[in-house]
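Fold and geometry: a report
Spelled out from the first residue to the last, the chains are:
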Amino acid sequence: MILTVTLNAALDVTYRVDRLRPRGSNRVRSTAERAGGKGINVARVLHALGRETVVTGFAGGAAGETLRRDLAAARLPERLLPIAGETRRTVAVVDESAGDTTILLEPGPAVPTEDWARLLDHVDRLLTQASAAVFSGSLPPGAPEDAYGRLVRLAHAHRVPAVVDADGAALRAALAAGPDLVKPNADELAAATGLADPVAAAGALVDAGAGAVVASLGPDGLIAVTPQGSWWAMPPEQLAGNPTGAGDAAVAALTLGLVDATPWPERLAEAVALSAAAVAAPLAGDFDPDVHRRLRALVDVQPLHSQRSS
């Protein structure tokens, strides 16, 4: 079982418009609503790939109940903890004419100290059955800055490999716990290190404690700095669509590679293909299986010489 922890789960709302007109009225062509948050998106992809998952984190209020019902309809096992606050909503506006997406993110409900303590005990119990743990997404108000570091230490106490997909202070604080893999995007990588070169920046995160770093470069694919070497994995083509869940699909593939001990070049090719297939799907957490199969053998993975920070 792969455990995904989403501390700031969301009810994702996706609006599709023919053409987004800023500062004007926009007629919505279709609307979709589903359980979201980075860890939940990862769990959806893993489930579609036939892997057992359990979703945990916090859920509260009417939005939290809707989120739970959607997970049940998708047959995604969940062990979410109830809280008094209202689960946040996120809104993605997909501009069909431009092929891009605008995203609005609510901050999420405040998490009292006692709820955070309950969450740690809860995750500690779930880790006894886990083969890997994914800790991803933003931290809700009230969560400690080193929340992911504490969760990584819990996972390692159970000898469970830990993957962290976070940014800012949450990412930096997690590094001291030695996560097995972190997966920032290019902007998050630069913000965390102050380095413009992504290979050097990834090396700096390894120096700070990460077991391996895979950074997503958007349409330019992924770079990886690992104990076994460094690579750049490039997609064979660029796809228009909804990129909201592309990074989460990559995390799902990388976590499976960690569990299955897949060689890094194959692991990265799978992550790039699955990420591209997620862009081709209409909703975050889904991927287009035909695109996935077609691109998997076409991803170009080349070795890099890591420019480690001094």
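To be clear, the structure that these remarks concern was listed above.
Residues numbered from 1 in each chain as written. Predicted model: local features only at pLDDT ≥ 70, side-chain atom pairs only at ≥ 80, totals over all residues. Heavy atoms only, no water.

A word on the side chain of Glu188
Stated precisely, the cut-off is as follows: Starting at the N terminus, helices and strands are each numbered in turn, a helix being any DSSP run of H or I of at least four residues and a strand any DSSP run of E of at least two. For every residue, the accessible area (1.4 Å probe, protein chains only) is compared with the maximum for its type, and the residue is labelled buried under 20%, exposed over 50%, or partly exposed between those bounds. Asp and Glu are treated as the negative residues and Lys and Arg as the positive ones, with His and the ends of the chain left uncounted. When a carboxyl oxygen of Asp or Glu lies within 4 Å of a side-chain nitrogen of Lys or Arg, that pair is called a salt bridge. Note on contacts: a residue pair is in contact if any heavy atoms of the two residues lie within 4.5 Å.
Note on placement: Glu188 falls in helix α6 (residues 186-193). Lys183 provides the closest opposite charge to the buried, salt-bridge-free Glu188, at an N-O distance of 5.6 Å. Those residues in contact with Glu188, other than ones at most four positions away along the chain, are Ala166, Asp167 and Lys183.

Things to note about the sheet that holds strand β2 (residues 10-17)
The pairing of strands in a sheet comes from backbone hydrogen bonds and takes either a parallel or an antiparallel form. What counts, and what does not: Whether two strands pair comes down to DSSP finding at least two bridges between them. Where helices are involved, their axes are fitted lines through C-alpha atoms of the stretch in contact, as for all axes, and angles between N-to-C directions lie from 0 to 180°.
Pairing in this open sheet of four strands is mixed, and the strands run β3-β2-β6-β7 from one edge to the other. This sheet does not close on itself; its edge strands, each paired only once, are β3 (28-36) and β7 (100-105). Pairwise comparison of adjacent strand axes, ignoring direction, gives a mean angle of 20 degrees for this sheet. Taken together, the six bridges between strand β6 (residues 88-95) and β7 define a ladder with antiparallel strand orientation. Within β7, the residue paired with Val93 across the bridge is Thr102. Its contacts with the sheet put helix α1 (residues 38-48) on β2 and β3, and the angle it makes with β3 is roughly 90 degrees.

Digging into the pattern of salt bridges
One pass over the structure, following the stated rule, counts 15 salt bridges. For Glu96, the salt bridge goes to Arg16, with nearest N and O atoms at 2.7 Å. Of the two residues, Glu96 sits in the loop between β6 and β7 while Arg16 sits in strand β2, which places them 80 residues apart along the sequence. For Glu96, a relative accessible area of 32% translates into the label partly exposed. In this structure, Arg44 engages Asp70 in a salt bridge whose closest nitrogen and oxygen atoms are separated by 2.4 Å. Linking Arg44 in helix α1 with Asp70 in helix α2 (residues 61-73), this pair joins segments that are 26 residues apart in sequence. Members of the salt-bridge network, linked through shared partners, are Arg16, Asp18, Arg29 and Glu96.

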